[in-house]
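Next come the chains, spelled out residue by residue.
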Amino acid sequence: MTEQKLQICIFEGDGIGPEIMAPTLRVLSCALKTISAPKMRFEVHPAGAGHYAATGEALPQSSIDAARNADAILLSAMGLPSVRKPDGTEITPQIELRFALGLFAGVRPVRVFPGQPTPLVDPRASEIDFILVRESTEGLFAHMNEGIVCHENATETLRITRATSEKLFDFTFQMAERRAARKGRKARVTCVDKANVFRAFWFFREIFEERAKAFPNVDTDAAYVDAMAMWMVQRPWEFDVMVTENMFGDILSDLGAGLLGSLGLAPSADIGEDAAVFQPCHGSAPDIAGKGIANPMAMILSSAMMCEWLAVQKDLPILDLVARSVEDAVAKVVVEGVSVTGDLGGNASTEECADAVIAALMAD
Ligand code: ATP
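1. As for the nonpolar core
Then, number 1: One finds Met40 and Leu319 to be the most contacted residues of the largest nonpolar core, which totals 99 residues.
Then, number 2: Sort the elements by how many residues they give to this core and helix 9 (residues 297-313) lands first, with eleven residues.
Then, number 3: Setting aside residues no more than four positions away along its own chain, Met40 makes contact with Lys5, Leu6, Ile8, Leu28, Leu32, Met306, Cys307, Leu310 and Leu319.
Then, number 4: In this structure, Leu59, Ala67, Met78 and Ala275 belong to the second largest nonpolar core, which totals 16 residues.

This is the structure we're talking about:
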């Protein structure tokens, strides 16, 4: 056992955010201890709608600095519809953090655990296992606070750069290769765009094809985003890794979460060259906040993604074991269907669901 202690910056978020963060840290601590992995130090920092309402700042500089200095960042759901900036938009520190830390790759896994119920009736739905990589710093979000609105019209700008696209595609091909090696098969990456209509997407696709040449072990193809939206419902089990622009990725990742049956099961990571944020795909769910009934699994699975990333980043393969054990424990609880929360048809509270995950961890 090593003495190394990893520093994890924690943002507890708003609404159900703190309710799902606490059990996640319990599950993660238990998994680290069970496997004798390096310890983690969890340090909570302020950010979010609550902090904005109290101080006028959604993401203080001290929190950005803490995030920058940490080994990884765990961030819970943020924002509240009732807390808005003077221009009417919600505060979004999680997006600000992507820009501040250069987190260009949004990784959104969509995986149905064997035996897990899904909204699709086709039996092949149990084979759904793909990853959507969403560019996270440009596209239609590049100038997100600078949209021009006048009485007659409103204009937003979509921006795609060569430098970020090259980094995005290289990251995606490398991730696809690692994943294919784990699964013992060839990797396939699909570029999702609208290259038939917009020049910016033709530019995006050309860079994808250029960078693909450096990864001869990866099969590649491309699809238009509208067709992909249909195929993600008709035959989502056929895809391996997809890569797309920011706004398209924003929309398709919720469609992916829909295939899982609940947003409460959809984890995510926003990854840059030397920093990464791990957070659930869902928002702060104010409609169920304070009731203790939120599904903690998306947050728990996000912490497993953090372990998987740290395993590579810090050369600590034991953290891969931690990630797998947390995922397996969540899968067991989901498939048994007993200690699950209301969004998955159960009656368990957030804490009871987390207790069941811990029991599954200890049983292995
Ligand atoms: P945002 O735009 O911030 O992502 P949103 O408007 O998409 O937020 P969410 O807060 O994600 O909305 O909630 C959408 C619906 O899903 C709500 O009915 C909410 O209660 C439900 N939901 C979201 N997360 C969970 C969860 N972890 N457990 C149970 N239900 C959830």
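2. Section: the pairing of strand 8 (residues 187-193)
Then, number 1: For strand 8, the tally of buried residues reaches six of seven residues, placing the bulk of the element in the interior.
Then, number 2: Direction of pairing for strand 8 relative to strand 9 (residues 218-224): parallel, over a ladder of seven bridges. The partner of Ala187 across the bridge, within strand 9, is Val218.
Then, number 3: Between the parallel pair strand 8 and strand 9, the chain is carried across by helix 6 (residues 199-212), and the sense of this crossover is right-handed.
Then, number 4: Of the strand pairs in this sheet, strand 8 and strand 10 (residues 241-244) are connected by four bridges, and their pairing is parallel. By the bridge assignment for strand 10, Cys191 is matched with Val243.

3. Some details on the environment of Phe215
Then, number 1: By secondary structure assignment, the location of Phe215 is in the loop between helix 6 and strand 9.
Then, number 2: By relative accessible area, which is 10% here, Phe215 ends up buried.
Then, number 3: Separated by 13 residues in the primary sequence, Phe215 and Trp202 have C-alpha atoms spaced 20 Å apart.
Then, number 4: Apart from residues lying up to four places away in sequence, Phe215 is in contact with Asp170, Phe173, Gln174 and Glu177.

Rules of the game
Counting of residues starts from 1 at the beginning of each chain's written sequence and follows it residue by residue. A pLDDT threshold of at least 70 governs which residues receive local features in this predicted model, and a stricter bar of 80 or more applies before side-chain atom pairs are shown or counted, although totals over entire chains, interfaces and linings include all residues. Computation of side-chain values: all heavy atoms of the structure, hydrogens and water removed. What makes a nonpolar core is a set of buried Ala, Val, Leu, Ile, Met, Phe, Trp, Tyr and Cys residues whose side-chain atoms join them at distances within 4.5 Å. Summary of the burial criterion: residues with accessible area below 20% of their type's maximum are buried, those above 50% are exposed, and those between are partly exposed, where the area comes from a 1.4 Å probe applied to protein chains only. Put simply, DSSP H or I for four residues or longer makes a helix, DSSP E for two residues or longer makes a strand, and each gets a number counted from the N terminus. Contact criterion: two residues are considered in contact whenever any of their non-hydrogen atoms come within 4.5 Å of each other. Strand pairing is assigned whenever DSSP detects at least two bridges linking the two strands. A clockwise path from the first strand over the helix to the second, with the strands pointing away from the viewer, defines a right-handed crossover.

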